[in-house]
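Structural characterization, general
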Amino acid sequence: MGNSSSDYQKILDALTRVANGDLTTELVLQTNDPDLNAIARSFNKMIHNLKSSISELRDSTRQSEIVVRRLKKIFDGSRDVIIFINKYGTIVDINKSVKDILGYDPDDLIGKHFAKAGVVSEEEIPKLLERFDIAIKKGVGKELMELRFNTKDGENLCMEVSMKLVGSGEEIEGVIAVLRDITKHIQADAKLKEEKEKLRSIVSSIEDVILIVDEDLRLIEYYKSLACEESIIFATLEGYVGKSIKNFFPRTIAMEIEKTIQYCMRTGQTQQIDYPVMAQKKMLWFTARIARLLDSQGNTSGASILIHDITQHVDMEKALEQSEGKYRGIFEQSPQGLIILDAEGRITDVNKKICEWLGYKREEMIGKDHIMYPFLTKSGKIMAMRKFVQRLSGKFVQPYELEFVSKDGTTYVGEIDARPIKNEEGNIELIVVMVTDVTKRR
């Protein structure tokens, strides 16, 4: 058996070192005494457990420090103003965004009562005090409020405020208030409302309808003039809101409208479709002009469809086509050669008689100006140009004779009598040149 007094001393020395913070000690005894060996084993186990606990505590502390640094980074990096207010209403902490948004340094406000710091507009203080008192005493925080705040330079901002309770159990320590500047959003909403009213005013003065659809082609909004109220086509427009836009159009055109809107939203290219509607035993014609709509980030949000009644226009076009056909026949069958010039002296049309007389095809003369007339000599081009300028200046030009050269080289003499055609402003748009063959008279 070993020296017991020496073993006891080793135990005492090891305990002293542990008490002084030395956890590297390991107790090894040279004894057969079971009680002393049991003490040594318990001591070494205690040291091992103590090391493990300290290691875990250090890891936990490091993790806590990482979390705190991360939260601090989020706290200071938030674009919103974040304020911690204790249950007495004193501002305990506030992030750096208060400088960017309200112009105050955090130290200007920390330690002050939120209602006496000069940040909240006076007319808003009673409302905010009431909400704060309810939150602290009853543990009920209002999710969102809109309040007016004062910046350091005197500007008035509208802020969205949310309050979250801080505390454990029934003990409320205070609230965390998050302030978000929504001034621009409110101004944008007001501007949008103003623009919508302006658009409604504009639309009410014209006989058009504007439909707004979302990306799923559902009708979400519309603008129509008072004139459309009595139209059978738009009488139940309200019933289409929230439904697919294809329900608004005739079945014969619905699928084409749907594909066209999708193409417009995909490419950004404005499209136009004309379509008929049979109403009250009469064929009506409408044109739908489709344009892509973008949101504030520049992303496609839907499309606008402007619908205009073109029935009168279509009827006029049909009448004009009939009229043009009638007068085209007169133009072509005229016994005189006819040449139509624009205000620049270019040939815009010729009749059958002039083509047969000179041997040129119509396309060989259309678009030619004075110096390129294929059927005039050099001196003839100069004279024709001089007479043309005189007519443009408003002078009366007597009929005159001009030599023409056909495509096969034959020379003819034509008597020229021209009449200007003026627009509503009195400016010459076209000149009708009548050419009579007087070669034999020569």
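What counts and how
Residues numbered from 1 in each chain as written. Predicted model: local features only at pLDDT ≥ 70, side-chain atom pairs only at ≥ 80, totals over all residues. Heavy atoms only, no water. Helix = DSSP H or I, 4+ residues; strand = E, 2+ residues; numbered from the N terminus. Buried < 20%, exposed > 50% of the residue type's maximum accessible area, 1.4 Å probe, protein only. Contact = heavy atoms within 4.5 Å. Areas by Shrake-Rupley, 256 points an atom, 1.4 Å probe, with all protein chains shown as cover. Patch = residues over 30% accessible without salt bridge, like charges linked within 9 Å, V, L, I, M, F, W, Y side chains within 5 Å. Salt bridge = Lys/Arg side-chain N within 4 Å of Asp/Glu carboxyl O. Lys, Arg positive; Asp, Glu negative; His and termini not counted. Charge placed at Lys NZ, Arg CZ, Asp CG, Glu CD. Pairing = 2+ DSSP bridges. Axes fitted to C-alpha atoms, helices over the stretch in contact; angles between N-to-C directions. Core = buried A, V, L, I, M, F, W, Y, C linked by side-chain atoms within 4.5 Å. Expected span 1.5 Å × (residues − 1). Arc of directions from axis to C-beta. Polar contact = N/O pair within 3.5 Å; in protein donor to acceptor, adjacent residues only side chain to side chain.

Right, let's talk about the overall build of the protein chain for a bit. The secondary structure content of the protein chain amounts to eleven helices and 15 strands. A total of 442 residues make up the protein chain; the buried ones form 35% of that total. Residue pairs in contact within the protein chain that sit at least 24 positions apart in sequence constitute 40% of those at least 6 positions apart. Total accessible area on the protein chain is roughly 27800 Å²; 52% of this is exposed by carbon and sulfur atoms.

A grouping of Asp274, Glu317, Glu321 and Glu324 is seen on the molecular surface, where their side chains present a negatively charged patch. Element by element, the count of residues in the negative patch is highest for helix H8 (residues 311-333), at three residues. Structurally, Asp274 is set in strand S8 (residues 271-279). Take Asp274: its relative accessible area is 42%, and that puts it in the partly exposed class.

Phi is positive for Leu217, which is not a glycine, with a value near 65°. Within the secondary structure, Leu217 sits in the loop between strand S6 (208-214) and strand S7 (219-224). Assessed through its relative accessible area of 2%, Leu217 is described here as buried.

Applying the stated rule across the entire model yields eleven salt bridges. For Asp214, the salt bridge goes to Arg218, with nearest N and O atoms at 3.2 Å. Since its relative accessible area comes to 13%, Asp214 is described here as buried. Taking the relative accessible area as the measure of exposure, Arg218 reaches 36% and is therefore partly exposed. Between Lys407 and Glu364 there is a salt bridge whose closest N-O contact spans 2.7 Å. Placement of the pair is Lys407 in the loop between strand S13 (400-405) and strand S14 (411-422) and Glu364 in helix H10 (residues 362-365), with a sequence separation of 43 residues. Residue Lys407 is classed as partly exposed on the basis of its relative accessible area, which comes to 47%.

With that out of the way, let us pick up the sheet that holds strand S11 (residues 337-342). An order of S12-S11-S15-S14-S13 is seen for the five strands of this open sheet, with the pairing classed as antiparallel. Edge strands, defined here as strands with exactly one partner in the open sheet, are strand S12 (347-350) and S13. Pairwise comparison of adjacent strand axes, ignoring direction, gives a mean angle of 35° for this sheet. Note that S14 and strand S15 (residues 428-437) share nine bridges and pair antiparallel. Paired with Ile421 across the strands is Leu430, a residue of S15. Lying over the sheet, helix H11 (residues 378-392) contacts S11, S13, S14 and S15, oriented at roughly 140° with respect to S13.

Looking now at the nonpolar core. One finds Leu102, Leu109, Phe149, Val161 and Leu179 to be the most contacted residues of the largest nonpolar core, which totals 31 residues. Going through the elements one at a time, strand S1 (81-86), strand S2 (91-94), helix H3 (97-101), helix H5 (125-138), strand S3 (145-150), strand S4 (156-168) and strand S5 (171-181) are the ones with two or more residues in this core. Of the residues forming this core, the biggest block, five residues, is contributed by H5. Apart from the residues within four sequence positions on either side, Phe149 is in contact with Leu102, Val119, Val120, Ser121, Glu155, Asn156, Leu157, Met159, Val161 and Leu179.

Take a nonpolar patch on the surface next. A surface patch of nonpolar side chains, about 380 Å² in accessible area, is lined by Ile371, Met372, Met385 and Val389. The topology assignment puts Met372 in the loop between H10 and H11.

Whether parallel or antiparallel, the strands of a sheet pair through hydrogen bonds between backbone atoms. The strand order across the open sheet built from five strands is S7-S6-S10-S9-S8, with neighbouring strands paired in antiparallel fashion. Strands with a single pairing partner mark the edges of an open sheet, and in this sheet they are S7 and S8. Direction aside, neighbouring strands of the sheet carry axes that sit 25° apart on average. Sheet contacts for helix H7 (residues 251-267): S6, S8, strand S9 (282-294) and strand S10 (300-309); angle to S9, the most-contacted strand, approximately 25°.

Here we take up the side chain of Ser304. By secondary structure assignment, the location of Ser304 is in strand S10. Residue Ser304 is classed as buried on the basis of its relative accessible area, which comes to 17%. Other than its neighbours up to four places away in sequence, Ser304 contacts Leu211, Ile212, Arg289, Ile290, Ala291 and Leu293.

Right, let's talk about H5 for a bit. One turn of an α-helix holds 3.6 residues; hence residues three or four places apart share an orientation. The first and last C-alpha atoms of H5 sit 19 Å apart over 14 residues, in line with the 20 Å expected at 1.5 Å per residue. For H5, the full list of buried residues reads Ile125, Leu128, Phe132, Ala135 and Ile136. Within H5, the buried residues cover an arc of 95° as seen down the axis, which keeps them to one side. Turned more than 90 degrees off the buried face of H5, the exposed positions are Pro126, Lys137 and Lys138. Immediately downstream of H5, the backbone of Gly139 shows phi near 70°, a positive value.

This paragraph deals with the environment of Leu129. With respect to the helices, strands and loops of the structure, Leu129 is situated in helix H5. You can call Leu129 partly exposed: its relative accessible area is 35%. Apart from residues no more than four positions distant in its own chain, Leu129 is found in contact with His113, Phe114 and Ala115.

Another point: the environment of Asp417. Here Asp417 is to be found in strand S14. Expressed as a C-alpha distance, the spacing of Asp417 and Thr436, which sit 19 residues apart in the sequence, is 8.4 Å. When sequence neighbours within four positions are dropped, the list of residues in contact with Asp417 reads Pro399, Val432, Val433 and Met434. Here the side chain of Asp417 touches Arg419 through a polar contact of 2.5 Å, side chain to side chain.

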